[in-house]
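Each chain is listed here by its residues.
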Amino acid sequence: SLFQELLQVLDKIGKKYNATIAQIALRYIMDKPAIGGVIIGCRLTVSNHIDETVKIFDINMNDEDRKAIQDVVKKGRGLKGEPADEYRGYKL
């Protein structure tokens, strides 16, 4: 499936940077020009979660890595409509 393909690409890139799939995904999102921040649901009382999350700022993916992720993402359907339109009864 497309989701499994994306996980495999994220895992391959993660191994290159000694990072988890989640860390690579977060770094990819944070590298987007229109993204100013990401809300991360981590347990703040567990120090290893904080350390794992902060590590995303030490990951510097190259253009080839970002393109590998983007190539998979492009295979999915694009977003349509406005946020929450599906809850308002609009057919997307």
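Residues numbered from 1 in each chain as written. Predicted model: local features only at pLDDT ≥ 70, side-chain atom pairs only at ≥ 80, totals over all residues. Heavy atoms only, no water.

**Comments concerning the overall build of the protein**
Next, step 1: For the protein, the count of helices and strands is 4 helices and 0 strands.
Next, step 2: In the protein, the succession of helices and strands from N to C terminus is α-α-α-α.
Next, step 3: In the protein, once contacts between residues fewer than 6 apart in sequence are set aside, the share between residues at least 24 apart is 67%.
Next, step 4: When the accessible surface of the protein is split by element, carbon and sulfur atoms take 57% of a total near 7100 Å². (Helix = DSSP H or I, 4+ residues; strand = E, 2+ residues; numbered from the N terminus. Contact = heavy atoms within 4.5 Å. Areas by Shrake-Rupley, 256 points an atom, 1.4 Å probe, with all protein chains shown as cover.)

**So, the pattern of salt bridges**
Next, step 1: Taken as a whole and assessed by the stated rule, the structure comprises 7 salt bridges.
Next, step 2: Between Arg66 and Asp63 there is a salt bridge, with its nearest N and O atoms 2.7 Å apart. Here Arg66 pairs with Asp63, and both are found in helix H4 (residues 63-73), just 3 residues apart, close to one helical turn.
Next, step 3: On the basis of relative accessible area, Asp63 is assigned to the exposed category, the value being 59%.
Next, step 4: Here Lys67 makes a salt bridge to Asp71, at a shortest N to O gap of 2.9 Å. Taken together, the residues span about one helical turn, with Lys67 and Asp71 both in helix H4 at a distance of 4 residues.
Next, step 5: Salt bridges sharing partners connect three or more residues here, namely Arg27, Asp31, Asp63 and Arg66. (Salt bridge = Lys/Arg side-chain N within 4 Å of Asp/Glu carboxyl O. Buried < 20%, exposed > 50% of the residue type's maximum accessible area, 1.4 Å probe, protein only.)

**Comments concerning the packing of helix H1 (residues 2-17) against H4**
Next, step 1: Contact geometry of H1 with H4 gives a least axis separation of 9 Å together with a crossing angle of 170 degrees. As summarised for this structure, H1 and H4 are arranged roughly antiparallel, according to the angle between their axes. Here H1 contributes Leu2, Glu5, Leu6, Val9, Leu10, Ile13, Lys16 and Tyr17 to the contact with H4, which in turn contributes Asp65, Ala68, Ile69, Val72 and Val73.
Next, step 2: Its residues placed into classes, the contact of H1 with H4 shows 10 nonpolar, no polar and 3 charged. (Axes fitted to C-alpha atoms, helices over the stretch in contact; angles between N-to-C directions. Parallel < 35°, antiparallel > 145°, perpendicular 65-115°, else oblique. Nonpolar A, V, L, I, M, F, W, Y, C, P; charged D, E, K, R; others polar.)

**Considering the side chain of Arg27**
Next, step 1: Inspection of the secondary structure puts Arg27 in helix H2 (residues 21-30).
Next, step 2: For Arg27, a relative accessible area of 10% gives the class buried.
Next, step 3: Contact partners of Arg27, with chain neighbours within four places excluded, come to Ile56, Phe57, Ile59 and Met61.

**With respect to the environment of Tyr17**
Next, step 1: Within the secondary structure layout, Tyr17 lies in helix H1.
Next, step 2: Along the primary structure Tyr17 and Ile59 are separated by 42 residues, whereas in three dimensions their C-alpha atoms are 6.9 Å apart.
Next, step 3: Once residues lying within four places of it in the same chain are set aside, the contact partners of Tyr17 are Ile24, Lys55, Ile59, Asn60, Met61, Asn62 and Asp65.
Next, step 4: A distance of 3.5 Å separates a polar side-chain atom of Tyr17 from the backbone oxygen of Asn60.
Next, step 5: A polar contact of 3.4 Å, which involves the side chain of Tyr17, links it to the backbone nitrogen of Asn62. (Polar contact = N/O pair within 3.5 Å; in protein donor to acceptor, adjacent residues only side chain to side chain.)

These results come straight from atomic positions and should not be treated as a statement about function.
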